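# Analysis of the macromolecular model
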Amino acid sequence: LEEVASLGVFAKTEAEMALAHIHTYDLRDGYSGLKHTHELMTRYPHNPEFRLQYAENLLATGQSGKAIETVTKGLDLTEQDWYRPTHRFRFLCLMGKIHHAAGRYHETLDWLNKAISMREQATRGNFLAWAHLRRGDALVHLGNQVLGLRDYRKALELDEAGSAGEAAQNRIRALEPKAN
């Protein structure tokens, strides 16, 4: 895959994106993923998938300011009809994730409420489940355990066998004895 990404002709772009995913999510190496997505963004600055992955890599490497700029540009492009509504949903989720990671919970709620209101655009992946999970975290941090638990249960319902569902189950177990 590395060889195709560096020397390939026909599958170079796909190999670079696959490597960005592998490094970011499987190997937990945002810096290596960033190398690949930076090259993709240089060649294809308006590609929404590359922009989303690039912002994820920026966040994973502690560059939240640049990640916000990248997502903001993506949101601007959705308003200009460059991208589909499904991409707008994902950019909103990612903006919520960025604010969540920074501990800015009021902003997290603002962005994730916008994303969750577009739930019909959640056509793939477990993005909606993660949006509910992160919104639940923000609510709990802001002192509303009841609504936080509601979002954790929704995340579990949406992604019962996945990573968001597992995280939601752990948070429910931690909170339920306190809620009673």
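Anything mentioned here points back to the structure above.
Residues numbered from 1 in each chain as written. Predicted model: local features only at pLDDT ≥ 70, side-chain atom pairs only at ≥ 80, totals over all residues. Heavy atoms only, no water.

## A look at the nonpolar core
One finds Val-71, Leu-75, Phe-89, Phe-91, Leu-94 and Ile-98 to be the most contacted residues of the largest nonpolar core, which totals 28 residues. Every element with two or more residues in this core is listed here: helix H3 (30-43), helix H4 (48-60), helix H5 (64-79), helix H6 (85-101), helix H7 (105-116) and helix H8 (127-141). A per-element tally of this core places H6 first, with seven residues. Residues within four places of Ile-98 in sequence aside, it is in contact with Leu-59, Ser-64, Ala-67, Ile-68, Val-71 and Arg-104. Leu-133, Leu-149, Ile-172 and Leu-175 belong to the second largest nonpolar core, which has eight residues in total. (Core = buried A, V, L, I, M, F, W, Y, C linked by side-chain atoms within 4.5 Å. Buried < 20%, exposed > 50% of the residue type's maximum accessible area, 1.4 Å probe, protein only. Helix = DSSP H or I, 4+ residues; strand = E, 2+ residues; numbered from the N terminus. Contact = heavy atoms within 4.5 Å.)

## A look at the pattern of salt bridges
If you walk through the whole model with that rule in mind, you get eight salt bridges. When the shortest N-O distance is used, the salt bridge between Arg-43 and Glu-16 registers 2.4 Å. With Arg-43 in helix H3 and Glu-16 in helix H2 (residues 12-26), this residue pair connects regions lying 27 residues apart in the sequence. (Salt bridge = Lys/Arg side-chain N within 4 Å of Asp/Glu carboxyl O.)

## Details of the packing of aromatic side chains
Both the distance between ring centres and the angle between the ring planes are used here to describe each pair of aromatic rings. One pass over the structure, following the stated rule, counts two aromatic pairs. Judged by centre distance (5.7 Å) and plane angle (55 degrees), the rings of Tyr-44 and Phe-50 are tilted. Classification of Phe-50 by relative accessible area gives buried; the value is 9%. Considering the side-chain rings of Tyr-83 and Phe-91, the 5.7 Å spacing of their centres and the 15 degrees angle between planes classify their relative orientation as stacked. For the cation-ring pair, Lys-114 lies above Trp-111, with the distance from its terminal atom to the ring centre recorded as 4.4 Å. (Phe/Tyr/Trp six-rings, centres within 6.5 Å; stacked < 30°, edge-to-face > 60°. Lys NZ or Arg CZ within 6 Å of the ring centre and 35° of its normal.)

## Here we look at H8
Spanning 15 residues, H8 covers 21 Å between terminal C-alpha atoms, matching the ideal 21 Å at 1.5 Å per step. For H8, the buried fraction is high: 11 of the 15 residues fall into the buried class. Backbone geometry just downstream of H8 places Gly-143 in the positive-phi region, at approximately 95 degrees. (Expected span 1.5 Å × (residues − 1).)

## What to know about the environment of Ala-138
Checked against the element boundaries, Ala-138 lands in helix H8. Residue Ala-138 is classed as buried on the basis of its relative accessible area, which comes to 0%. Sequence spacing of Ala-138 and Leu-109 is 29 residues, and the spatial spacing of their C-alpha atoms is 6.6 Å. Beyond its immediate stretch of four places on either side in the chain, Ala-138 contacts Tyr-105, Thr-108 and Leu-109.

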